[in-house]
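Results of the structural survey
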Protein chains: 2
Amino acid sequence: MKERTEILEETFRKLTEEKKYASLRDLMQTLYPADIATILSDMPEKLMPAIFRLLPKDLAAETFVEMESDVKEELIKSFSDTELKAVIDEMYMDDAVDLIEEMPANMVRRILAQADADTRKQINEILKYKDDSAGSVMTTEFVALTPRMTAADAINEIRSTGVDKETINTCYVLDDKYHLLGTVTIRTLILARPNETCESLMTPNAISVNTMDDQETAVQTMSKYNFTSLPVVDAENRMVGIITVDDALDIMEEEATEDISKMAAITPSDKPYLRTGVFETWKNRIPWLLLLMVSGTFTGIVITRFEDALKLVPVLFASVPMLMDTGGNSGSQASVSVIRALSLGELEFKDIFRVIWKEFRVSFLCGLMLAAANYGRLMLLEKVTPLQALTICVTMLCTVVIAKFVGCTLPLLAKKANLDPAVMASPFITTIVDVLSLIIYFQFATMILKV
Amino acid sequence: MKERTEILEETFRKLTEEKKYASLRDLMQTLYPADIATILSDMPEKLMPAIFRLLPKDLAAETFVEMESDVKEELIKSFSDTELKAVIDEMYMDDAVDLIEEMPANMVRRILAQADADTRKQINEILKYKDDSAGSVMTTEFVALTPRMTAADAINEIRSTGVDKETINTCYVLDDKYHLLGTVTIRTLILARPNETCESLMTPNAISVNTMDDQETAVQTMSKYNFTSLPVVDAENRMVGIITVDDALDIMEEEATEDISKMAAITPSDKPYLRTGVFETWKNRIPWLLLLMVSGTFTGIVITRFEDALKLVPVLFASVPMLMDTGGNSGSQASVSVIRALSLGELEFKDIFRVIWKEFRVSFLCGLMLAAANYGRLMLLEKVTPLQALTICVTMLCTVVIAKFVGCTLPLLAKKANLDPAVMASPFITTIVDVLSLIIYFQFATMILKV
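Residues numbered from 1 in each chain as written. Chains lettered and ligands numbered in written order. Predicted model: local features only at pLDDT ≥ 70, side-chain atom pairs only at ≥ 80, totals over all residues.

Description of the overall build of chain A
When its secondary structure is counted, chain A shows 23 helices and seven strands. Taken against the 2.2 N^0.38 rule, which gives 22 Å for 451 residues, the C-alpha radius of gyration of chain A at 30 Å runs more than 25% over that of a compact globule. Taken over the C-alpha atoms alone, chain A extends approximately 85 × 60 × 35 Å along its principal axes. Within the span of chain A, comprising 451 residues, buried residues form 48% of the whole. Sequence-distant contacts in chain A: of pairs separated by 6 or more residues, those separated by 24 or more amount to 70%. (Helix = DSSP H or I, 4+ residues; strand = E, 2+ residues; numbered from the N terminus. Rg over C-alpha atoms; globule rule 2.2 N^0.38 Å. Buried ≥ 20, exposed ≤ 12 C-beta atoms within 10 Å, placed from the backbone. Contact = placed C-beta atoms within 7 Å.)

Dropping the structure here:
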């Protein structure tokens, strides 16, 4: 992938230097918008808008959509009002809305001023939907058919209107109140006899999502039913748009990145790693580090309280980091498994007892094995009495069981409280488990060793 | 989603009890295969195969594909050879291959015996490709056109062969040696004048992946170019199959789950959380816990060596968990960011110096802020001398810088060594950073406090 665009970049640079603009234009017309966007983004800032202007109108809009937001901003600054209008008119509604959401306020005003009244109305309509809702990522351009149209009518309808629609692979049969009756694929229409009606050809009981539904739900629905576009209906059950599968891929990627970031205690960012500035990266990370540092001091308080007991038996003291690490790792295994299952819609809050029972058995098996391995290691390699080794190993078992219990319940409780389960991952679990495992440790030390 | 199938389950149960099989069959024909699969999987084992038999042939195959592998296994056991053959004949090639890969060896023999010679040959062809390669997930059914066909010819060709193809939305123009010349969408064909040739209508320079490429590369390519299907070519550049976008969604989900699991030190599993048995879950988690437990003992060794110094100044001792936690968290922030960027193809090994420089600046800012906050806390809330607070805070700064350095370089080095970067996440980084931060801590304690 990389090499392809790198070779092309060379060619671009040469053609530009030699001012062979006609050839450059011809070359660009054979390329994919995503490739042109990559190449232009790496060009010197002065040349880039000039080369962009060489693109024919439709390719210009498609290329523009593929660019990172900082490059888009640069380009818009260089556009005349007419150029800006041309690009916006060619864009699909969902891309136009994305653009508005990415740009600073003064640019938004300029963009909206250039959009025609109808586009502006539709953009404002979509902007009303909550971030990350199905409504906010849909596009309003889809092929609508009526139940009494024949296959031949439908194909004619697609011929006359299809050029402005984002996809024609699936068409939607609506009644006169815009209620969705069913879906019919272009494949069905082409394979059908010309005089069959849409009503008889369509798949009834169309699956749809509501504008207010989470975008993640929408993507899971598409993935479950293998759709390439998913209808979106409003509160009155009228069809208002579709989500296309290329956006579904982007959403899925974005949601996974978000979950992964939160699990590592980072505020998620849309931007690629190398395009995020140092200050922004710092801003996404520092609040969590501060919060976790403060909660880490609790472990310090607990450890200080039991310090005197520790000093008496050196091996107890040396085992503290291992016990804390194992607890943290066990807990994060459970929490991350549950968080992922929640994200994929495999689990709900009502499964909490099944989850706890499962994790209890797993943690017991894990704890037993770890305790046994540890007992062997201690007796063979360290100078310990059997009772001291027992103290450490019983603590190990209890720590693992408690860590997995905390790890599996917290994300489910967060979900129930409408918080983000992903925030309940490793770092938080670790802090809680650290404190709990230290307390258990010293209880056992007191009970078994009478320290 | 859940509720929909729950209501239907009730209806299924009633109709079955009352032996109203004709109605049940009619009902099922209005449902989506994914829904039928969900409902049947939750049915009592005795009834399930009987209800499955009510499905018409094509719907039966589609439903079968949507089931979890344990349910598939159960069904196949109940099938007669004729029934098994009917299902396999109706399946797309990629689904047939998935089935073979999921089933135990004795079933595989039975399945292959029922497949016709041509299918068997194609299955074996695909099975040769490495797991997770583009070749292993492709399907061999696609619409091939020749350059000299007109749009009308092409539509006729699709009408006569399209019914057996997994998608007709994008068709592929091949020369007589099966080299891919370009792609033409059904939309273009429908909107074109009937006598235009495929050669003039097609998008040349088709983007394709090689059978040996990673499936992740294939998905990223599809996402980048907004394709709904991606051509796969062999080493001689002949087109052998396509990857469809519904599979791309599955692959993306699977890859994200794999990365997330590895980051939390879990061996990845394909199965949903609640469908993975206790023993299997244990098996996926215990090796990592054992490994990390052993490496955790190193921290214990280090801490014991410096124990005497610690005992002299209680606040130094109490700050150990906080320093270790903050180091671990800082390191995992960096490592997870880099691992995700590697997965999304945003970073390569050659970016290592840019990454280190960026992380150095971020870590310096983070470390400074954490050290300052900590200094304030110590001076206000604890009984410490300024020099003691200084020791702790300088260690904090160094720990954060080192943690982020280790966190960002290890995944890149793993990538370079063809290992999986995701394994280099939090748990490993934590262990390394723990040991390093303790050593630094005691060095500073010796230097500044002369303990």
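Moving on from the model shown.
A word on the sheet that holds strand β7 (residues 239-244) of chain B
What links the strands of a sheet is backbone hydrogen bonding, and the strands pair in either a parallel or an antiparallel sense. Residue and element names in this part refer to chain B. Taken in spatial order, the three strands make up an open sheet running β5-β6-β7, and their pairing is mixed. Each having just a single partner strand, β5 (209-210) and β7 make up the two edges of the open sheet. As paired strands, strand β6 (residues 229-233) and β7 are joined by five bridges and run antiparallel to one another. Bridge assignment links Pro231 to a residue of β7, and that residue is Ile242. In this fold helix α16 (residues 245-263) packs onto β6 and β7, with an angle of close to 65 degrees to the strand it touches most, β7. (Pairing = 2+ DSSP bridges. Axes fitted to C-alpha atoms, helices over the stretch in contact; angles between N-to-C directions.)

Details of the packing of helix α16 (residues 245-263) of chain A against α16 of chain B
In a packed pair of helices, the relevant descriptors are the angle between the two axes and the axis-to-axis distance. Packing of α16 of chain A against α16 of chain B leaves a shortest axis separation of 10 Å and a crossing angle of 5 degrees. On the basis of their axis angle, the class for α16 of chain A and α16 of chain B is roughly parallel. Seen from α16 of chain A, the contacting residues are Val245, Ala248, Leu249, Met252, Glu253, Ala256 and Ile260 of chain A; seen from α16 of chain B, they are Val245, Ala248, Leu249, Met252, Glu253, Ala256 and Ile260 of chain B. Partitioning the contact of α16 of chain A with α16 of chain B into residue classes produces 12 nonpolar, no polar and two charged. (Parallel < 35°, antiparallel > 145°, perpendicular 65-115°, else oblique. Nonpolar A, V, L, I, M, F, W, Y, C, P; charged D, E, K, R; others polar.)

Things to note about the sheet that holds strand β5 (residues 209-210) of chain A
Residue and element names in this part refer to chain A. The strand order β5-β6-β7 describes an open sheet built from three strands, whose pairing is mixed. Across the chains shown, the open sheet's two edge strands, defined by having one partner strand only, are β5 and β7 (239-244). With two bridges connecting them, β5 and strand β6 (residues 229-233) associate as parallel partners. Bridge pairing in β6 links Val209 to Val232. Sitting on the sheet, α16 touches β6 and β7, and the angle it makes with β7 is about 65 degrees.

Thoughts on the environment of Gly328 of chain B
Residue and element names in this part refer to chain B. Note that Gly328 resides in helix α20 (residues 320-343). By the C-beta count within 10 Å, which is 29 here, Gly328 ends up buried. Through-space distance from the C-alpha of Gly328 to that of Asp434 is 7.1 Å; in sequence the pair is 106 residues apart.

Some words on the interface of chain B and chain A
With 94 residues of chain B in contact, the opposing surface of chain A contributes 94 residues. In terms of residue count, the dominant contributor to the side of chain B that touches chain A is helix α17 (residues 278-305) of chain B (16 residues). The residue makeup of the side of chain B that touches chain A, split by class, is 51 nonpolar, 26 polar and 17 charged.

Regarding the pairing of strand β2 (residues 170-174) of chain B
Here is the key point about a regular strand: its side chains alternate between the two faces of the sheet. Residue and element names in this part refer to chain B. Within β2, four of the five residues are buried, which leaves the element mostly enclosed by the surrounding structure. Where strand β1 (residues 144-145) and β2 come together, two bridges link them in parallel fashion. Bridge assignment links Leu145 to a residue of β2, and that residue is Val173. Where the polypeptide runs from β1 across helix α12 (residues 151-161) and back to β2, its parallel neighbour, the crossover connection is right-handed. Where β2 hands over to strand β3 (residues 180-185), the hairpin turn is made up of five residues, of which Tyr178 adopts a positive phi near 65 degrees. (Right-handed = clockwise from strand over helix to strand, strands pointing away.)

Focus on unusual backbone geometry
Here Ala265 of chain A, not a glycine, exhibits a phi torsion of approximately 60 degrees, which is positive. Take Ala265 of chain A: it is sitting in the loop between α16 and α17 (278-305). A positive phi angle, near 70 degrees, is found at Asn237 of chain B, a position not held by glycine. Considering the arrangement of structural elements, one finds Asn237 of chain B in the loop between β6 and β7.

Details of the packing of helix α3 (residues 33-41) of chain B against helix α5 (residues 57-65) of chain B
Residues and elements named next belong to chain B. Between α3 and α5, the least distance of the axes is 8 Å, while the angle of their chain directions is 65 degrees. With respect to each other, α3 and α5 are oriented roughly perpendicular. When you trace α3 past α5, the crossing you get is right-handed. Here α3 contributes Pro33, Ile36 and Ala37 to the contact with α5, which in turn contributes Leu59, Glu62 and Thr63. Residues belonging to the contact of α3 with α5 are distributed by class as follows: four nonpolar, one polar and one charged. (Left-handed = near helix turned anticlockwise from the far one by under 90°.)

Considerations on the relation of the copies chain B and chain A
Rotating chain B by 180 degrees and moving it 0.0 Å along the rotation axis overlays it on chain A with an RMSD of 0.1 Å. Viewed as a symmetry operation, the transformation between the two copies matches a two-fold axis. When the interface residues of chain B are mapped onto chain A, 100% of them again lie at the interface, so the same face is used by both copies. (Least-squares fit on C-alpha atoms with pLDDT ≥ 70 in both.)

Digging into the confidence of the model for chain A
The share of residues in chain A with pLDDT of 70 or more is 99%, and the mean pLDDT across the chain is 87. Interface confidence in the predicted complex, given as ipTM, is 0.83; pTM for the same model is 0.83. (pLDDT = per-residue confidence, 0-100.)

Comments concerning the environment of Lys311 of chain A
Tracing the backbone shows Lys311 of chain A in helix α18 (residues 307-312). In sequence terms Lys311 of chain A and Gln215 of chain A are 96 residues apart; their C-alpha atoms lie 55 Å from each other.

Structural notes on the environment of Leu292 of chain B
You can see Leu292 of chain B is positioned in helix α17. When near neighbours in sequence (up to four residues on either side) are disregarded, Leu292 of chain B contacts Asp325, Thr326 and Asn329 of chain A together with Ala265, Pro427 and Thr431 of chain B.

As for helix α12 (residues 151-161) of chain A
Listed as buried for α12 of chain A are Ala151, Ala154, Ile155 and Ile158 of chain A. Looking down the long axis of α12 of chain A, one finds its buried residues gathered within 100 degrees of arc, a one-sided arrangement. (Arc of directions from axis to C-beta.)

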